[in-house]
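A look at the structure
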Amino acid sequence: MTGKGYANPIAAYVAKNHQKKGVAVNQEISIGKHNQALAIECNYPQTHGAVDEKIPYALNDIAALRMPGCVAYAGTGFSEGSTCCLPDSAELAARPETREWDHALAVELRWWDVLIGDKRPFALT
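What this report covers is the structure whose coordinates are included nearby. Quick caveat, the model's predicted, so the values are computed rather than measured.

This paragraph deals with the pairing of strand E2 (residues 69–73). The buried count for E2 comes to four of five residues, which makes it a mostly enclosed element. Here strand E1 (residues 39–43) pairs with E2 via five bridges, running parallel. Note on E2: the bridge partner recorded for Glu 41 is Val 71.

Structure below.
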């Protein structure tokens with residue numbers, strides 16, 4: 001798999017699980033004016049330690065965009081202890097392996113229901 005090939009399951013996952021919130025997924029477009037947007041840099045390195053080398057460059061690319069962004073990565077090239085997001089390509093269902101990814105999207109796009117889940121607000125008794 002390549003970085004571009006990895007971008008497809010990430011795009012499919014976001015579209016399937018978050019389209020009800022009005023998300024439109026576009027790949028490799030010129031950035032124009034929109035109400036909200038999030039740039040996602042996808043990396044799928046296959047050499048051990050390669051993510052450690054690529055992430056600083058990817059973060060610099062995101063910072064230069066002048067819009068919110070994040071880095072999605074998976075593959076065999078990340079160090080132990082790193083988190084990655086690799087949606088199940090058949091089901092594209094939300095699962096524990098995509099939780100951090102969903103929370104990153106929720107924070108940036110202000111989907112508080114995703115963060116709160118089924119918890120009730122605190123109430124004085």
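Another point: the pattern of salt bridges. Counted according to the given criterion, the structure contains one salt bridge. Note that Lys 21 is salt-bridged to Asp 113, the shortest N-O span being 2.7 Å. Of this pair, Lys 21 sits in the loop between helix H1 (3–18) and E1 while Asp 113 sits in helix H4 (residues 112–116), and the two are 92 residues apart along the sequence. The exposure class of Lys 21 is partly exposed, given its relative accessible area of 34%.

What follows is about the nonpolar core. Counting 18 residues, the largest nonpolar core has Tyr 6, Ile 10, Cys 42, Ala 72, Trp 101 and Leu 105 as its most contacted members. Listing elements by their share of this core, those giving two or more residues are H1, E2 and helix H3 (99–109). Broken down by element, the residue count for this core peaks at five residues, all from H1. Excluding residues within four positions of it along the chain, Tyr 6 makes contact with Met 1, Cys 42, Asn 43, Tyr 44, Ala 72, Tyr 73, Ala 74, Cys 85 and Leu 86. Of all hydrophobic cores here, the second largest spans six residues; its members include Ala 39, Ala 58, Ile 62 and Val 71.

The rules behind each value
Residues numbered from 1 in each chain as written. Predicted model: local features only at pLDDT ≥ 70, side-chain atom pairs only at ≥ 80, totals over all residues. Heavy atoms only, no water. Buried < 20%, exposed > 50% of the residue type's maximum accessible area, 1.4 Å probe, protein only. Helix = DSSP H or I, 4+ residues; strand = E, 2+ residues; numbered from the N terminus. Pairing = 2+ DSSP bridges. Salt bridge = Lys/Arg side-chain N within 4 Å of Asp/Glu carboxyl O. Core = buried A, V, L, I, M, F, W, Y, C linked by side-chain atoms within 4.5 Å. Contact = heavy atoms within 4.5 Å.

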